[in-house]
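Summary of structural features
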There are 2 protein chains.
Amino acid sequence: MKDVKAYIEANKDRFLNELFELIRIPSISAESEHKPDMVRCAEKWKEFLLAAGCDKADVMPSDGNPVVYGEKIINPAKPTVLVYGHYDVMPVAPLELWRTQPFEPVIKDGRIWARGADDDKGQSFMQAKAFEFMVKTNQLPCNVKFMLEGEEEIGSPSLYGFCEKHKKMLKSDVILVCDTSMIAPDVPSITSGLRGLCYWEVEVTGANHDLHSGIYGGAVANPINILCKMIAGLHDERGHITIPGFYDDVLVISRAERALMAQAPFDEEAYKKDLDIRAVHGERGYTTKERTGIRPCLDVCGIWGGYTGEGSKTVLPSKAYAKISTRLVANQDYNKISKLFQRYFERVAPKCVRVKVTPCHGGAAYVSPLEMKAYKAAEKAMETTYGKRPIPTRSGGSIPIVAGFERILGTKSILMGFGLGSDDIHAPNENYPLQQFFKGIETLPYFYEYFAQN
Amino acid sequence: MKDVKAYIEANKDRFLNELFELIRIPSISAESEHKPDMVRCAEKWKEFLLAAGCDKADVMPSDGNPVVYGEKIINPAKPTVLVYGHYDVMPVAPLELWRTQPFEPVIKDGRIWARGADDDKGQSFMQAKAFEFMVKTNQLPCNVKFMLEGEEEIGSPSLYGFCEKHKKMLKSDVILVCDTSMIAPDVPSITSGLRGLCYWEVEVTGANHDLHSGIYGGAVANPINILCKMIAGLHDERGHITIPGFYDDVLVISRAERALMAQAPFDEEAYKKDLDIRAVHGERGYTTKERTGIRPCLDVCGIWGGYTGEGSKTVLPSKAYAKISTRLVANQDYNKISKLFQRYFERVAPKCVRVKVTPCHGGAAYVSPLEMKAYKAAEKAMETTYGKRPIPTRSGGSIPIVAGFERILGTKSILMGFGLGSDDIHAPNENYPLQQFFKGIETLPYFYEYFAQN
């Protein structure tokens, strides 16, 4: 790949300005008021794909937000890489914790600060610019297809159907995904596993309307107290999840493999200091990296009920709510887990309340074998630009559709992400270091080169 | 008291129109944006007191919202009744559950629907109109003082100091309070006891910022999960509160007195049906009326943390909050309870989180002896207008300042309320039956008559 660094240097301001155009569109998939922004963002992507060198690009309908598809077929006999990314972003609340406006990107301290700067506008835009470089310098070694969806952050509900419907169009030899992180700027790594996900909203109802907490307090069930008790009961004293059958299918990792994983650099003191916590907290018998890498977990992502305004209001509320998610590992089936949770949560509810469990979304865990050709090409590409061999790591995060691709399209994915743990994706003050952005654009063409060889 | 019914009949529309003027002022003491409304409401009360027949009335400063004071001294040798009420109201959230606008009173189905219709604008306005009747018909048998505060719903933080400062001005033989309920429209009762109150806001902090629930989930404490566990631990399996020392000072009620209390009419099936609950829920070994009347309780009045918007967001939040209140009984000291809770809650917090407990307000329980002259006068007044003897009941609610009056002014209060359990005070769709409003105006003058005798 000749002159990739020079090409980046010559075009870096344009790259950033184009990325900022994407970031400025508040494409929050979880909030229905942003429906028009989803379409605007998809149209903008189509424009950029054509400009980067696609022969054709379209904004295609799905059952939900549109999917952007583009392709450049140089020779049907050559291998094909399908690039997957997503143009939707997470909600931005709590807004008051942002130091800059989430949808007005700012460059400061060598980072781009904005919602989507990393996840996944920044990372998927690296893919577009790496492709542009190869096209414009006549070095594209294989066919390329692009698929960008607008519902990843809500669990890709429509993309499964889209893939079923367009199997032929999406046929490829590997799916290249830049939506994960590496260990550190100078410690390249490739994500060899992802956790799955299962998410529910629960509603606990006591009396049919809010009551005076003095007149009724002590005699009528308080749905917040009950919900807290039910949530508390989901873990035992050892940090195990108590849902019967929850661990039945968990892939047990051998002592040997755990020993290998333990070699990845990890400084727990620095980790605690960075998060300003006095102690880590999790399942007994596992290290921090194991707790996020090879073990499932259960977290309340949100809770609300009663009076939450200023000052004090004495009320015995009628309802309490929580959003609860589990991260799953191979070989847990999220449909099975979803039913296990629902059944258990409804069963443990005392008679004095009514409980409603609404499954939101879910996805399976994914494992990328280190022996596959695409993994080796990614490894070699990173070795070329970083000067050291990347470490395989298991991410605690989830990209549920990646397991879906394997099931529906029969194609494995390679997770070659350039994010960092400090990027605060999904949180206030999301950011993406410029160094990672440009290093990604520099590295990706080598993946194509090595993957297309032999 | 001659012609009281005729006076009410002749003036009823005016009474309601005047009350509606008070209700339309959104005097929510818990929300600082309503500060100007507090002053407007106090000024309106001053106007009404003068019109009703006070010789003088003033809006007086306190450390917080102003206090309205008015008086009519007919003869210093005669007894003096100090009327206490409050012009502030509870917040109105959740607004979407109101069937009418909370600050635009509507008369429907024989009830006034509005925030404050009962608590305490409706009930304290009965006092003003009963007084007006006695003045205008030359039947006022004793001296009357009025004190209306604007902070009852937030625990009367400034009224204690106001009473200390104005002991002489507030000197009286009894304090007459209309801020409680009776058993049913045809079952008159007098509140012979009130529960005390203690209220805290708690904050649990995990990491210093919101985290990605996949990348960190399972390894870093989730403050919502931890808060739920801490709240769950505040009750044991028997419904007992677990805070060490919490029950130490609770006045134990004799079997004989419990048997007497059990004679008050109470239909548990109707109670459950009314609230649409399958089971009551509370401390083992006590009846529903005992649970709210003679036993303390602990309720979470509000909880919030993480993502509470539409759809699903996978986040491991940095903070979780709850508003927690206890109702206290004689002889629990709320200052002692406040410290016990704070110490306990901070002590049981695991090392992986930080906990902050902020005491909000509190007040002692109150017991009104059935033998006192004012109780007998109230009993006789209700017997006169209802044709049956009122039952003494203990309310589960709290008016903390009532215990404060006894301590600071050395004066007992009589709690002669005309509210009903169905008035939904503190909740959406607060209402006050017209029948109760007018019956209150009719009954109160007899209290004055009997109290002023001998």
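Note that residues are indexed from 1 along each chain, following the sequence as it is written. Here chains are named by letter from A upward and ligands by number from 1 upward, in the order in which they appear as written. In keeping with the predicted nature of the model, local features appear solely for residues at pLDDT of at least 70, side-chain atom pairs appear and are counted solely at 80 or more, and the whole-chain, interface and lining totals rest on all residues. Only hydrogens and water are set aside when side-chain values are computed; all heavy atoms of the structure are taken into account.

1. As for the relation of the copies chain B and chain A
Inclusion rule: Copy-to-copy alignment: least squares on C-alpha atoms, limited to residues at pLDDT 70 or above in both. Here, two residues are considered to be in contact whenever any of their heavy atoms come within 4.5 Å of each other.
Superposition record for chain B on chain A: RMSD 0.1 Å, screw rotation 180°, translation along axis 0.0 Å. The superposition operator between the copies reduces to a two-fold rotation axis. A symmetric contact is evident, with 100% of the interface residues of chain B recurring at the interface of chain A.

2. What to know about the sheet that holds strand E4 (residues 106-108) of chain B
The strands that make up a sheet are held in pairs by hydrogen bonds between backbone atoms, and each pair lies either parallel or antiparallel. Residue and element names in this part refer to chain B. As a reminder of what qualifies: At least two DSSP bridges between two strands are required for those strands to pair. For the purposes of this entry, the term helix denotes a DSSP run of H or I that reaches at least four residues, the term strand denotes a run of E that reaches at least two, and both are numbered from the N terminus. Fitted lines through C-alpha atoms give the axes, limited to the stretch in contact for helices. The angle between two N-to-C directions lies from 0 to 180 degrees.
The 3 strands are arranged E4-E5-E18 in an open sheet whose pairing can be described as antiparallel. Of all strands in the sheet, those with a lone pairing partner are E4 and strand E18 (431-433), marking the two edges. Within the sheet, the average angular offset between the axes of one strand and its neighbour, ignoring direction, is 25°. The strands touched by helix H1 (residues 4-23) are E4 and strand E5 (111-113); relative to E5, the strand with the most contacts, the crossing angle is about 25°. Helix-sheet contacts for helix H12 (residues 434-452) involve E4, E5 and E18, and the interaxial angle to E18 is about 60°.

3. Details of the packing of helix H3 (residues 121-136) of chain A against helix H12 (residues 434-452) of chain A
Residues and elements named next belong to chain A. Applied cut-off: Here the angle decides the label: under 35 degrees means roughly parallel, over 145 means roughly antiparallel, 65 to 115 means roughly perpendicular, and every other value means oblique. Handedness of a helix crossing follows the sense of rotation of the near helix relative to the far helix, less than a right angle counterclockwise being left-handed and clockwise being right-handed.
Across the interface, H3 lies against H12 with an axial gap of 8 Å and an inter-helix angle of 50°. Considering their axes alone, H3 and H12 lie oblique with respect to each other. Crossing hand, H3 versus H12: right-handed. Facing Gly-122, Phe-125, Met-126, Gln-127, Lys-129, Ala-130, Phe-133 and Met-134 of H3, the residues of H12 in contact are Gln-436, Phe-437, Gly-440, Ile-441, Leu-444, Pro-445 and Tyr-448.

4. Thoughts on the packing of aromatic side chains
Cut-off, in case you're wondering: Here a pair means two rings of Phe, Tyr or Trp (six-membered ring of Trp) with centres within 6.5 Å. Their orientation is stacked below 30 degrees between planes, edge-to-face above 60, and tilted elsewhere. Here's how the labels work: a residue is buried when its accessible area is under 20% of the maximum for its type, exposed when over 50%, partly exposed in between, all with a 1.4 Å probe on protein chains only.
Within the structure shown, the criterion is met by 34 aromatic pairs over all chains. With a centroid separation of 6.0 Å and an interplanar angle of 85°, the aromatic rings of Phe-447 of chain A and Tyr-448 of chain A are classed as edge-to-face. Overall, the relative accessible area of 0% leaves Phe-447 of chain A in the buried class. Summarising the aromatic geometry, the rings of Phe-48 of chain B and Phe-125 of chain B are spaced 5.4 Å apart at their centres and angled 70° between planes, so their arrangement reads as edge-to-face. On the criterion of sequence distance, the pair formed by Phe-48 of chain B in helix H2 (residues 35-52) and Phe-125 of chain B in helix H3 (residues 121-136) is long-range, its members being 77 residues apart. The buried category is assigned to Phe-48 of chain B, whose relative accessible area is 6%.

5. Focus on H3 of chain B
The periodicity of an α-helix, 3.6 residues per turn, causes residues three or four positions apart to be oriented the same way. Stated precisely, the cut-off is as follows: To estimate how far a helix should extend, the number of its residues minus one is multiplied by 1.5 Å.
The end-to-end C-alpha distance of H3 of chain B, which contains 16 residues, comes to 22 Å, matching closely the 22 Å that a straight helix rising 1.5 Å per residue would cover. In terms of burial, H3 of chain B is a largely internal element, 15 of the 16 residues being buried.

6. Thoughts on the confidence of the model for chain A
Detailed reading of the predicted coordinates is not advisable wherever pLDDT falls low. Where we set the bar: The pLDDT value tells you how sure the predictor is about a given residue, anywhere from 0 up to 100.
Of the residues in chain A, 100% reach a pLDDT of 70 or more, and the chain-wide mean stands at 95. Model confidence for the complex: the whole-complex pTM is 0.81, and ipTM, which rates the interface, is 0.80.

7. A word on the interface of chain B and chain A
Condition: Summed over both partners, the accessible surface that disappears when two parts come together, traced with a 1.4 Å probe, is what is meant by buried area. Any Lys or Arg side-chain nitrogen located within 4 Å of an Asp or Glu carboxyl oxygen qualifies as a salt bridge. Any residue outside Ala, Val, Leu, Ile, Met, Phe, Trp, Tyr, Cys, Pro, Asp, Glu, Lys and Arg is labelled polar, Gly included; the first ten of those are nonpolar and the last four are charged.
Contact with chain B, which involves 92 residues of that partner, is made by 92 residues of chain A. Between chain B and chain A the total buried area reaches about 7800 Å² when both faces are included, carbon and sulfur atoms providing 53% of it. Summed over the three residues of chain B that lose the most area to chain A, namely Arg-278, Ser-312 and Lys-313 of chain B, the buried surface amounts to 9% of that side. On the surface where chain B and chain A come into contact, there are 4 salt bridges. We note a salt bridge from Lys-229 of chain B to Glu-237 of chain A, for which the minimum N-O separation is 3.0 Å. Considering each element in turn, the side of chain B that touches chain A owes the most residues, 10 residues, to strand E11 (residues 297-306) of chain B. Partitioning the side of chain B that touches chain A into residue classes produces 42 nonpolar, 30 polar and 20 charged.

8. Notes on the sheet that holds strand E14 (residues 354-363) of chain A
In spatial order, the strands read E14(A)-E9(A)-E13(A)-E11(A)-E11(B)-E13(B)-E9(B)-E14(B); together these 8 strands make up an open sheet with antiparallel pairing. Of all the strands in the sheet, just E14 of chain A together with strand E14 (354-363) of chain B have a single pairing partner and so form its edges. Averaged over all pairs of adjacent strands, the angle between their axes in this sheet comes to 20°, without regard to strand direction.

9. Brief notes about the pairing of strand E7 (residues 174-177) of chain A
All names here are of chain A. The alternating pattern of E7 places Val-174 and Leu-176 and Ile-175 and Val-177 on opposite faces, both of which are buried. As paired elements, strand E3 (residues 80-86) and E7 share 4 bridges and run parallel to each other. By the bridge assignment, Val-81 is partnered in E7 with Val-174. Direction of pairing for E7 relative to strand E17 (residues 413-415): parallel, over a ladder of 3 bridges. The residue of E17 that forms the bridge with Val-177 is Leu-415.

10. Some remarks on the environment of Glu-153 of chain A
Considering the arrangement of structural elements, one finds Glu-153 of chain A in the loop between strand E6 (143-149) and helix H4 (159-165). For the pair Glu-153 of chain A and Tyr-375 of chain A, spaced 222 residues apart in the sequence, the C-alpha separation amounts to 25 Å. The contacts of Glu-153 of chain A, once residues within four sequence positions are left out, are Ser-29, His-86, Asp-88, Val-89, Met-90, Asp-119 and His-426 of chain A together with Ser-312 of chain B.

11. Observations concerning unusual backbone geometry
In the segment running from Ala-93 of chain A into Pro-94 of chain A, the intervening peptide bond is cis, with an omega of 0°. You can see Pro-94 of chain A is positioned in the loop between E3 and strand E4 (106-108). With an omega of 5°, the peptide bond running from Ala-330 of chain B to Asn-331 of chain B counts as cis. With a phi close to 55°, Asn-138 of chain B is a non-glycine residue in the positive phi region. Within the secondary structure, Asn-138 of chain B is located in the loop between H3 and strand E6 (143-149).

12. Description of the state of the cysteines
Our working rule: Here, the term disulfide refers to a pair of cysteine sulfur atoms separated by no more than 2.5 Å.
In this structure the tally under the stated criterion is 0 disulfides over all chains. Cys-54 of chain A supplies the cysteine sulfur nearest to Cys-41 of chain A, a cysteine that is in no disulfide, at a spacing of 16 Å. Take Cys-41 of chain A: its relative accessible area is 0%, and that puts it in the buried class. In this structure Cys-301 of chain B is not part of a disulfide, and its nearest cysteine sulfur, from Cys-297 of chain B, lies 9.1 Å away. For Cys-301 of chain B, a relative accessible area of 0% corresponds to the buried category.

13. Things to note about the pattern of salt bridges
All names here are of chain A. All told, the structure shown has 46 salt bridges over all chains when counted by the stated rule. Between Asp-37 and Arg-40 there is a salt bridge; the shortest N-O distance is 2.8 Å. Placement of the pair is Asp-37 and Arg-40 together in helix H2 (residues 35-52), with a separation of 3 residues, close to one helical turn. A relative accessible area of 11% places Asp-37 in the buried class. With a closest N to O distance of 3.2 Å, Glu-379 and Arg-389 form a salt bridge.

14. Concerning the packing of helix H1 (residues 4-23) of chain A against H3 of chain A
Two packed helices can be described by the angle between their axes and the distance between those axes. All names here are of chain A. In contact at an axis separation of 10 Å, H1 and H3 are set at 140° when each is read in the N-to-C sense. The pairing of H1 with H3 is recorded here as oblique in orientation. Seen from above, H1 lies across H3 with right-handed handedness. When H1 is examined against H3, the residues Val-4, Tyr-7, Arg-14, Phe-15, Glu-18, Leu-19, Leu-22 and Ile-23 are found in contact with a partner set consisting of Lys-121, Gly-122, Phe-125, Lys-129, Glu-132, Phe-133 and Lys-136. Looking at side-chain class alone, the contact of H1 with H3 contains 8 nonpolar, 1 polar and 6 charged residues.

15. A closer look at the side chain of Thr-292 of chain B
Rules: Here a polar contact means two N or O atoms within 3.5 Å. Within protein one must be a hydrogen donor candidate and the other an acceptor candidate, and residues neighboring in sequence count only if both atoms are side-chain atoms.
Structurally, Thr-292 of chain B can be placed in helix H8 (residues 288-293). Here Thr-292 of chain B falls in the buried class, since its relative accessible area comes to 5%. Looking at Thr-292 of chain B, its side chain comes within polar contact range of the main-chain oxygen of Lys-289 of chain B, at 3.3 Å. Residues in contact with Thr-292 of chain B, not counting those within four places in the same chain, are Gly-214, Ile-215, Tyr-216, Gly-217 and Ala-219 of chain A together with Arg-195, Ser-395 and Gly-396 of chain B.

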